[in-house]
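Listed here are the chains, written in short residue letters.
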Amino acid sequence: MTIYNFSAGPAVLPTPVLEKAQAELLDYKGSGMSVLEMSHRSKEFDDIIKGAEATLRELMAIPDNYKVLFLQGGASLEFTMIPLNFARGKKAYYLAGGSWGKKAYTEAVKLSKTIAFEPILLGSTEDITYAELPSFDKNTIDPEAAYVHLTTNNTIEGTAVYTIPDTNGVPVIADMSSNILAARYRVEDFAMIYAGAQKNIGPAGVTVVIVREDFLNDEPVLSSMLDYRIQAENESLYNTPPAYSIYISKLVFEWVKEIGGVDQMEKLNREKSGLLYDYIDQSAFYTNPVRKIEERSVANIPFVSPSPELDAKFVKEATAVGFKNIKGHRSVGGMRASLYNAFPRQGVVDLIAFMKKFEEENA
């Protein structure tokens, strides 16, 4: 039985990457050591982390005036690090187009009770279960604000930001955890991009941060582990980094490059997600909750059947035949197909065939 992993994260990894990691597990390039046991100060690991950065820079066309960091703590730690580093004494705006944007704002509100800054909810669509992205008037944004924070892909709700909004000249910070390398963005449009690895990059344990140099603190002012400038000055090696996660990330970056880069990856993603959206749209049985076609995510596609009972039956029968982790997030219900870069097109074709059969039997 073929297994297709629709998990929203930790998510499917490219088979060639797993095979190469398997081949190098006990002896990395003749070193006699596994990357799992290698010193982060060794020549071998220096080549790994620098190679990972160089390939990512090439894939995303990252300008020279941006630092690339490989940090720990997951994207959720950035919810705290961002205001600590950038928002003191200023306003900071948040767009909540989904659950993760709301969490970023909620963490900022908690932190504002400890340090002096003003987090402002610029827009939210929570009242309609995030069925579309929030809109706002740019003129309501204080041009002296520290930043506007947004999430480019809402993993749970299935919406995505593809065109960066006008923020009245205020720097934009983006949580790109679930569609980094899946769609093309101009790095220059952001002061900072961050992404937890466990969706489109590699295993959990490392977070990629891309930050413009002039956006960093003028001098270190925070606990060293929470200060982006210190992390940048130490080239992500202030302490022992998540070495193996960085190694797998490097292999994934190389795989994306071999596929044809981000533009080709986006083309493939739009093709395979388009297959599923087209089927859902013509079906009288399944529906997708996203209100605007142009806001649909290419990475995460939620859908429901006519009733919660049928949803539960669908999940049970789909799981039994190899469609793993197809159940939707508990806050949305139904089903969710996460079609990250490594997810194969054939998996979408086979899922649609199952959906057709289920519809015929249960309509």
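As the structure is a prediction and not an experimental result, all values here were calculated from the model.

Rules of the game
- Residues numbered from 1 in each chain as written.
- Predicted model: local features only at pLDDT ≥ 70, side-chain atom pairs only at ≥ 80, totals over all residues.
- Heavy atoms only, no water.
- Helix = DSSP H or I, 4+ residues; strand = E, 2+ residues; numbered from the N terminus.
- Rg over C-alpha atoms; globule rule 2.2 N^0.38 Å.
- Buried < 20%, exposed > 50% of the residue type's maximum accessible area, 1.4 Å probe, protein only.
- Contact = heavy atoms within 4.5 Å.
- Areas by Shrake-Rupley, 256 points an atom, 1.4 Å probe, with all protein chains shown as cover.
- Domains from an automatic or database assignment.
- Buried area = accessible area lost by both parts, 1.4 Å probe.
- Pairing = 2+ DSSP bridges.
- Axes fitted to C-alpha atoms, helices over the stretch in contact; angles between N-to-C directions.
- Phe/Tyr/Trp six-rings, centres within 6.5 Å; stacked < 30°, edge-to-face > 60°.
- Lys NZ or Arg CZ within 6 Å of the ring centre and 35° of its normal.

Here's the deal with the overall build of the protein chain
The number of helices and strands found in the protein chain is 9 helices and 13 strands. Taken over the C-alpha trace, the protein chain has a radius of gyration of 21 Å; the compact-globule value for 363 residues is 21 Å, and the two agree within 12%. For the C-alpha atoms alone, the extent of the protein chain along its principal axes is close to 65 × 60 × 30 Å. Of all 363 residues assigned to the protein chain, the portion counted as buried reaches 55%. For the protein chain, long-range pairs separated by at least 24 residues make up 71% of all intrachain contacts whose partners lie at least 6 apart in sequence. Counting every atom, the protein chain has about 15600 Å² of accessible surface; 50% of that belongs to carbon and sulfur.

Some words on the domain arrangement of the protein chain
Considered domain by domain, the protein chain is made up of domain 1 (15-257) and domain 2 (260-359). Its C-alpha centre places domain 1 at a distance of 27 Å from the equivalent point of domain 2. Each partner contributes residues to the interface: domain 1 has 25 residues there, and domain 2 has 28 residues. The junction of domain 1 with domain 2 conceals about 2300 Å² of combined surface from both sides, 52% of it contributed by carbon and sulfur atoms.

Some points on the sheet that holds strand S10 (residues 207-212)
A sheet is described by the order of its strands in space; here 7 strands give the open sequence S2-S10-S9-S8-S5-S3-S4, paired in mixed fashion. Two strands lie at the open edges of the sheet, namely strand S2 (66-71) and strand S4 (118-124), each paired on one side alone. Strand after strand, the sheet turns through a mean of 15 degrees between neighbouring axes, direction not considered. Here strand S9 (residues 192-196) pairs with S10 via 5 bridges, running antiparallel. Paired with Gly196 across the strands is Thr207, a residue of S10. Along the sheet, helix H2 (residues 43-60) contacts S2, S9 and S10; its crossing angle with S2, the most-contacted strand, is approximately 130 degrees. Running over the sheet, helix H3 (residues 74-86) touches S2, strand S3 (91-96), strand S5 (147-151), strand S8 (172-175), S9 and S10 and is turned about 155 degrees from S9.

Looking at the packing of aromatic side chains
Scanning the entire structure with this criterion turns up 21 aromatic pairs. Pairing Phe314 with Phe354 gives two aromatic rings, centres 5.2 Å apart and planes at 80 degrees, and the pair type is edge-to-face. Of this pair, Phe314 sits in helix H8 (residues 308-320) while Phe354 sits in helix H9 (residues 345-362), and the two are 40 residues apart along the sequence. Phe354 matches Phe314 in its accessibility class, with the two residues each being buried. By way of ring pairs, the aromatic residues Tyr4, Phe6, Tyr279, Phe285, Tyr286, Phe303, Phe314, Phe323, Phe343, Phe354 and Phe358 are connected into one cluster. In this structure, Lys103 packs its charged tip against the face of Trp100, placed 4.3 Å from the ring centre.

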